[in-house]
Amino acid sequence: MDRFENKIALITGSSQGIGAACALRLAKDGCDIILNGHKFDERGEKLIAEIQDMGRKATFLQADLSKAKEATKLITDAVAVFGHLDILVNNAGVEKKASFWEVTEEDYDLIMNTNLKGVFFSIQSFVNYCRKSKVAGTIINMSSVHEEIAFPHFAAYCASKGGLKMLTRNLASELAQFNVRINNVAPGAVSTPINQDLLNNKEQLEKVLQNIPLKRMGKVEDVAAVVAFLASDDASYVTGSTYFVDGGLTYHYEEQ
Ligand code: NAI
């Protein structure tokens with residue numbers, strides 16, 4: 001039997017990178033999939049075809065998750081597509097490099113609205129659906145090792161992921177009464193378009209790898225495997241946690 005028989009998952013920001021890998025992994029394990037992004041393009045088309053080839057249903061819903069109204073509506077639309085919704089993966093996220101003293105209000109708003117506010121209201125909408133329809137939903141937020149460790153020149157990003165850490169801790173307590181579980185996955189350095197500058201800079205990349213005990217960048221599939229575990233009944237006693245998928249980076253200690 002498939003791990004996710006008759007389950008429907010919505011993965012935000014899933015045209016590429018970690019989100020696309022999560023969609024493919026959940027589909028492989030038996031989920032029907034709702035993809036999301038700013039716009040539907042050939043990446044979405046290709047993913048839908050791949051998922052359908054696995055014998056699963058797939059569709060794409062356009063929404064800008066930096067806007068609370070669109071985040072709320074996305075859940076309603078997602079429920080309408082296949083009739084119900086079991087798994088919400090809040091993956092969409094943005095980062096911008098700037099020294100703290102140069103961060104603009106516009107960039108601050110973009111980062112906080114996408115990484116925290118949109119997630120807050122998509123969860124609220126999903127929880128209202130779960131309460132009304134008596135669905136034992138599960139939520140996975142794509143956080144970052146930077147919910148825990150510093151990242152100079154990315155203050156707004158760290159604040160947004162730090163916010164996600166406490167949002168998840170808090171909601172685990174508040175939502176357990178509805179049988180809704182919520183957890184964070186915190187990737188370290190993963191090879192995706194978000195890290196293109198790093199991947200193009202050999203010297204910088206070498207420095208990053210020195211701090212990773214497993215001495216390699218993460219693959220999107222490494223992250224998706226943990227998301228699939230947390231979404232499944234294998235994790236039925238797991239809520240309010242963060243799972244680090246970072247090759248040991250977060251708690252790395254260099255022996256002197
Ligand atoms: P990515 O940039 O390849 O993909 C992010 C996706 O989110 C893109 O498809 C983008 O269009 C979408 N997106 C952004 N803003 C959106 C919005 N307002 N509405 C709808 N979609 C939106 O990034 P990647 O690396 O796949 O990251 C995914 C998540 O993982 C993010 O939350 C990121 O912060 C987190 N993460 C990534 C790490 C990495 O090393 N790649 C490390 C730690 C965390």
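Bear in mind that the values here come from a model prediction, so they are computed numbers and not experimental data.

Trainee: Lay out the side chain of Asn90 with the relevant residues and their values.
Mentor: With respect to the helices and strands, the residue Asn90 is situated in strand 4 (residues 87-90). The class for Asn90 is buried, based on a relative accessible area of 3%. In this structure the side chain of Asn90 is engaged in a polar contact, spanning 2.8 Å, whose partner is the side chain of Ser122. Each residue touching Asn90, except ones within four places of it in the same chain, is listed here: Thr12, Val119, Ser122, Ile123, Ile139, Ile140, Asn141 and Met142.

Trainee: Explain the site of the ligand residue by residue, including any values.
Mentor: Close contacts around the ligand come from 29 residues, with Gln16, Asn91, Tyr157, Thr192 and Asn195 the closest. At 3.4 Å, a side-chain N or O of His38 approaches a nitrogen atom of the ligand. Within the contact set of the ligand, an oxygen atom lies 2.5 Å away from a side-chain nitrogen or oxygen of Thr192. Bound to the protein, the ligand loses 92% of the 820 Å² it would expose on its own.

Trainee: Quick one: what's the story with helix 4 (residues 105-133), residue by residue and with numbers?
Mentor: The first and last C-alpha atoms of helix 4 sit 39 Å apart over 29 residues, in line with the 42 Å expected at 1.5 Å per residue. Taken as a whole, helix 4 carries its principal kink of about 45° at Asn113. Phi turns positive one or two residues past the end of helix 4, at Lys134, with a value near 55°.

Trainee: Give a detailed account of the sheet that holds strand 3 (residues 58-62), specifying residues and quantitative values.
Mentor: Judged by pairing direction, the sheet is parallel, and its seven strands sit side by side in the order 3-2-1-4-5-6-7 without closing on themselves. Strands at the two margins of the open sheet, each flanked by one partner only, are strand 3 and strand 7 (242-245). Adjacent strand axes in the sheet meet at a mean angle of 20° when their direction is disregarded. Two strands pair when backbone bridges link them, and strand 1 (residues 8-11) and strand 2 (residues 32-37) are joined in this way by four bridges, in the parallel orientation. Note on strand 2: the bridge partner recorded for Ile8 is Asp32. Packing of helix 1 (residues 17-28) onto the sheet brings it into contact with strand 1, strand 2, strand 4, strand 5 (138-142) and strand 6 (181-187), and relative to strand 1 it is tilted by some 170°. Of the strands in this sheet, strand 5, strand 6 and strand 7 are in contact with helix 5 (residues 155-175), which crosses strand 6 at around 160°.

Trainee: Hey, could you go over the packing of aromatic side chains for me, with residue numbers and the actual values?
Mentor: In total, this model carries six aromatic pairs according to the counting rule given. With 5.0 Å between their ring centres and 55° between their planes, Phe120 and Phe121 make a pair best called tilted. When its relative accessible area of 25% is taken as the criterion, Phe121 is described as partly exposed. Centroid distance Phe229 to Tyr243: 5.9 Å. Interplanar angle 50°. Geometry classified as tilted. With Phe229 in helix 8 (residues 220-231) and Tyr243 in strand 7, this pair connects stretches of sequence that are 14 residues apart. With a relative accessible area of 29%, Tyr243 lands in the partly exposed category.

Trainee: So what's going on with the nonpolar core? Residues and values would help.
Mentor: With 35 residues, the main nonpolar core has Leu26, Ile33 and Val185 as its most contacted residues. The element that contributes the greatest number of residues to this core is helix 8, accounting for eight residues. Leave out the neighbours within four places in its chain, and Ile33 touches Ala9, Ile11, Ala23, Leu26, Ala27, Ile51, Lys57, Ala58, Thr59 and Phe82. Leu65, Tyr129, Leu171 and Ile182 belong to the second-largest nonpolar core, a separate cluster that totals 31 residues.

About the cut-offs
- The numbering scheme is per chain: residues are counted from 1 as the chain's sequence reads.
- pLDDT decides what is reported in this predicted model: residues at 70 or higher carry local features, side-chain atom pairs at 80 or more are listed and counted, and totals for whole chains, interfaces and linings draw on all residues regardless.
- As a rule here, side-chain values cover all heavy atoms of the structure and leave hydrogens and water aside.
- Think of it this way: any DSSP run of H or I at least four residues long counts as a helix, any run of E at least two long counts as a strand, and we number them from the N terminus.
- Each residue's exposure class comes from its accessible area (1.4 Å probe, protein chains only) as a fraction of the maximum for that residue type: buried when under 20%, exposed when over 50%, partly exposed otherwise.
- Pairs of N or O atoms are called polar contacts if they sit within 3.5 Å, as long as, within protein, a hydrogen donor faces a hydrogen acceptor (for residues adjacent in sequence, only side-chain-to-side-chain pairs).
- By definition, residues are in contact when any of their heavy atoms lie within 4.5 Å.
- By convention in this text, a residue qualifies as near a molecule or strand provided that one of its non-hydrogen atoms is within 4 Å of it.
- In short, Shrake-Rupley with a 1.4 Å probe defines the accessible areas, and a residue's cover is counted only from the protein chains shown.
- An expected span of 1.5 Å times one less than the residue number is assigned to each helix.
- Two axes define the bend at a residue: one fitted to the seven residues ending there, one fitted to the seven starting there, and the bend is the angle between them.
- A strand pair is defined by DSSP finding two or more bridges across the two strands.
- Between N-to-C directions, angles span 0 to 180 degrees; the directions come from axes that are lines fitted to C-alpha atoms, helices contributing only their stretch in contact.
- Here is the rule: rings of Phe, Tyr and Trp (six-membered ring for Trp) pair when centre to centre is within 6.5 Å. Planes less than 30 degrees apart are stacked, more than 60 are edge-to-face, and the remainder are tilted.
- Throughout this description, the term nonpolar core refers to a set of buried Ala, Val, Leu, Ile, Met, Phe, Trp, Tyr and Cys residues connected via side-chain atoms within 4.5 Å.

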